[in-house]
Amino acid sequence: MSIERMEFVNIAGLTKDFDEVLIKLSECGCFHIESASKITGKEKGFKVLKEENPYTPVLKQLSEISSLTGVKYKNVSDEGIEMPEVPERYVGDVRKRLEEMADRKKAAKDKLTEYECALEQVNHLKGMNVDFQQLAACEFIKVRFGRLPVDSYSKLPYYEDKLFYFTYFTEETEYYWGVYFCPVSCADEIDEIFESLYFECMQISKFIHGTSDDAINELTALVQENKETVDKINEEMLELVNKAKPKLDAIFTRYKTQHDNFDLRTKAAVTNDKFLIVGFVPKNEADRFMKLFDSMSSVSVVMQPADVNGKLEPPIKLKNNKFTQPFSMFVEMYGLPSYNGINPTTFVAITYTLLFGIMFGDVGQGLVLAIAGALLWKFKKFALGPILTRVGISGAIFGLFYGSVFGFEELLDPVYEALGITFLPFKVMENVTTILVGAIALGVLIMFISILINIIIGIRNKKIEEALFGNNGIAGLVFFGSILVGAIGTLFGVKMFSVPYVLCLIILPLAAMFMREPLSYWVKGKKYHMESGLTDFIASNFFEVFEFLLGYATNTLSFVRIGGFVLSHASMMLVVMALADQVSTAAVPIVVIIGNIFVMGIEGLLVGIQTLRLEFYEIFSRFYSGDGKPFTPVKINYDENIE
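Residues numbered from 1 in each chain as written. Predicted model: local features only at pLDDT ≥ 70, side-chain atom pairs only at ≥ 80, totals over all residues. Heavy atoms only, no water.

Asker: Before we go on, may I ask you to explain unusual backbone geometry in this structure?
Answerer: The bulk of non-glycine residues show a negative phi, and the bulk of peptide bonds are trans. The linkage connecting L424 with the following residue, P425, adopts the cis geometry, with an omega of 0 degrees. Position of P425 among the secondary structure elements: in the loop between α14 (413–419) and α15 (432–460). One non-glycine residue, Y198, lies in positive phi territory at about 65 degrees. Even without being a glycine, K381 presents a positive backbone phi close to 50 degrees. Mapped onto the elements of the fold, K381 is located in the loop between α12 (363–380) and α13 (385–402). Classification of K381 as exposed rests on a relative accessible area of 53%. (Helix = DSSP H or I, 4+ residues; strand = E, 2+ residues; numbered from the N terminus. Buried < 20%, exposed > 50% of the residue type's maximum accessible area, 1.4 Å probe, protein only.)

In structure tokens, the structure reads:
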């Protein structure tokens, strides 16, 4: 389809109407604002407002409340809600109370973590019916609790001449949990030995009293007590925020609206008691936009052609129909076209759907993919859903051509026989050469169309060098076409490469590409100046033309992947059917279903990626630059994070 035509808008008025104008702009949904300073300049007395947004502090407090409680604000009207006299104070009070609760909650959680760690330690020492505090208070004996790797435990006999005793209480796969005793006089030496054996010392918590059983009971009670405290504080916070939620939503909506509108002031230019706002409006919205300001006699709105001001590039809004609309996502991924360019979405939609269907030809799998895409869009609004529906239907159509239904290649044979159709089904594995040659032929056709589009764009935008003498211009088209026609004629025994043919249709276009810059100047009636000298000119253009030649070859062969994936898809399903033949009759449906799911997942992903690669690298590279900027109408974004 096409690109939405834009109108350049100048809005001027008195500063007393400034805020009201900004509100209208953010509510209309069709105004793309630009920085007015780009066209005014300091010499005209205009300046840009650099004021601190007064609504930011309240929004930051609301953000803190959100981070403390996880609450998500809604865009609501304050109608019917008893708003506080001073919203800032109300929000501050709620935040302060929540912070106090959060501090209590943090203290309880810290204690809970400490008690849980201590409980985990003591659980490894079950059966030690000795008072921990008494052991720790021994004057002549050092006691070390911890865990020793199983491999290290077997090495303890090597140190049997040393004065220590190790015993364990719990045995795990990798560790022994226990304790060693040693005299205070040789504690340093024994500690070094156990450290070399990777003994991990465990600090007995100050909360552990009595025997291990006593400590476990006490710690279990403390853990439960602090869990209840944390839960109670959570309930208090939830109760507080739920009670305040209607007012918080209303305050958020009001202040977010005022905040975003105030930010728009930085885009305007002001002088004395006047302001200037500039931007773009779609042409089909121009009348509605003008009517917004009918009641404001002191505000002037002037519409001009979009390209009237060379300092501002018009934004791009693509116009697409229902079939092509989902594919605009791919165009936007690559980059939007320039304002005077073309919208390639229709071309992308047709070629992507066609190429995917050719490579993913199966009636059953295609229909499953189409249904899955429809469901993903309906219930999840998944952007790829509509695309999956379209390419799935394409895959099902080509599946009819191949005669494949969930990998069963003979299932449709009786149908075609009954209908008297003798040329179908087209058996993929029996026509390998035809498929590969057909893939290249399709690729050449797409390349020719891409070059023709580039020629049209070049002529429209008066880019003579690209349209006439570039590798994707008329010279390139003649050269590429002549090589192909000559090669095909030779294959069929027709001698095409005569001297006149080679000179006029091959050498001459090559020379035009080599001399494209001087020739483009000559066509424009201008004098060409060789900036870098003759030697550099010859060298750089020689290598560029050589790169063009390689590009023709590699781009053409790149389309072989279409045939490759057709064969790959059929081969993978042959493997699935071969596996089904090797299992029992009862297991055949399971193998076929799992095999189809696997092939749809893997092959669908690969085909989708490779088709997109062909679009970007083999098609777009010939005529599309993607350097446009998107049309983004100003609006209040109630979904964005508050900073």
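Asker: Help me understand the packing of helix α11 (residues 345–359) against α13 in this model?
Answerer: At a closest axis distance of 7 Å, the pairing of α11 and α13 adopts a crossing angle of 45 degrees. By the angle class used here, α11 and α13 are oblique. For the pair α11 and α13, the crossing hand works out as right-handed. Residue-level inspection shows Y352, T353, L354, F356, G357 and I358 of α11 in contact with α13, the latter providing I387, R390, V391, S394, G395, F398 and Y402. Residue composition of the contact of α11 with α13, by class: 8 nonpolar, 4 polar and 1 charged. (Axes fitted to C-alpha atoms, helices over the stretch in contact; angles between N-to-C directions. Parallel < 35°, antiparallel > 145°, perpendicular 65-115°, else oblique. Left-handed = near helix turned anticlockwise from the far one by under 90°. Contact = heavy atoms within 4.5 Å. Nonpolar A, V, L, I, M, F, W, Y, C, P; charged D, E, K, R; others polar.)

Asker: Honestly, the packing of aromatic side chains in this entry has me stumped. Any pointers?
Answerer: Each aromatic ring pair is characterised by the separation of its centres together with the angle its planes make. For the structure on display, the rule yields 39 aromatic pairs. With 5.5 Å between their ring centres and 10 degrees between their planes, F31 and F289 make a pair best called stacked. Of this pair, F31 sits in the loop between α1 (18–28) and β2 (32–34) while F289 sits in helix α9 (residues 286–291), and the two are 258 residues apart along the sequence. For the pair shown, F31 and F289 are each scored as buried. Three or more aromatic residues link up through ring pairs in this structure, and these residues are Y153, F164, F166, Y168, Y176, Y180, F194 and F199. Positioned over the ring face of Y339 is R5, at 4.2 Å from the centre of the ring. (Phe/Tyr/Trp six-rings, centres within 6.5 Å; stacked < 30°, edge-to-face > 60°. Lys NZ or Arg CZ within 6 Å of the ring centre and 35° of its normal.)

Asker: Where do I start with helix α19 (residues 516–523) in this structure?
Answerer: Along an α-helix, residues three or four apart share an orientation, since each turn contains 3.6 residues. Those residues of α19 that sit buried are R516, P518 and S520. Phi turns positive, to about 75 degrees, at G525, one or two residues after α19.

Asker: What am I meant to see in empty space enclosed by the protein here?
Answerer: Over the atoms, a rolling probe the size of a water molecule traces out where space has been left empty. Inspection of every chain in the model, using the stated rule, returns 1 cavity of 30 Å³ or more. The space that makes up the largest cavity amounts to roughly 90 Å³. Taken together, 13 residues line the largest cavity, and the ones lying closest to its centre are G361, Y402, V566, H569 and A570. Elements supplying a minimum of two residues to the lining of the largest cavity: α11 and α21 (560–582). Here the lining of the largest cavity gets 4 residues from one element, more than from any other, and that element is α21. (1 Å grid on protein atoms, 1.4 Å probe; cavity = no way out; pocket = protein on both sides within 12 Å on 5 of 7 lines; lining within 4 Å. Points joined across faces, edges and corners; volume = space filled by probe spheres on them.)

Asker: Would you explain the pattern of salt bridges in this entry?
Answerer: Here the idea is simple: oppositely charged side chains can pair when their charged atoms come close. As enumerated under the stated definition, the model contains 19 salt bridges in all. Across the pair D191 and R144 runs a salt bridge, and its minimum N-O distance is 3.2 Å. Of the two residues, D191 sits in helix α7 (residues 187–196) while R144 sits in strand β4 (residues 141–149), which places them 47 residues apart along the sequence. R147 is the salt-bridge partner of E200, the closest N and O atoms lying 3.0 Å from each other. Residue E200 is found in strand β7 (residues 200–202), and its partner R147 is found in strand β4; the two are separated by 53 residues along the sequence. For E200, a relative accessible area of 36% gives the class partly exposed. Salt bridges sharing partners connect three or more residues here, namely D19, E51 and R265. (Salt bridge = Lys/Arg side-chain N within 4 Å of Asp/Glu carboxyl O.)

Asker: Teacher, can you tell me more about a negative patch on the surface here?
Answerer: A cluster of like negative charges, contributed by E225, E228, D231, E235 and E239, occupies part of the molecular surface. Within the element layout of this structure, E239 appears in helix α8 (residues 212–263). Under the relative-accessibility criterion, E239 is labelled exposed at 59%. (Patch = residues over 30% accessible without salt bridge, like charges linked within 9 Å, V, L, I, M, F, W, Y side chains within 5 Å. Areas by Shrake-Rupley, 256 points an atom, 1.4 Å probe, with all protein chains shown as cover. Lys, Arg positive; Asp, Glu negative; His and termini not counted. Charge placed at Lys NZ, Arg CZ, Asp CG, Glu CD.)

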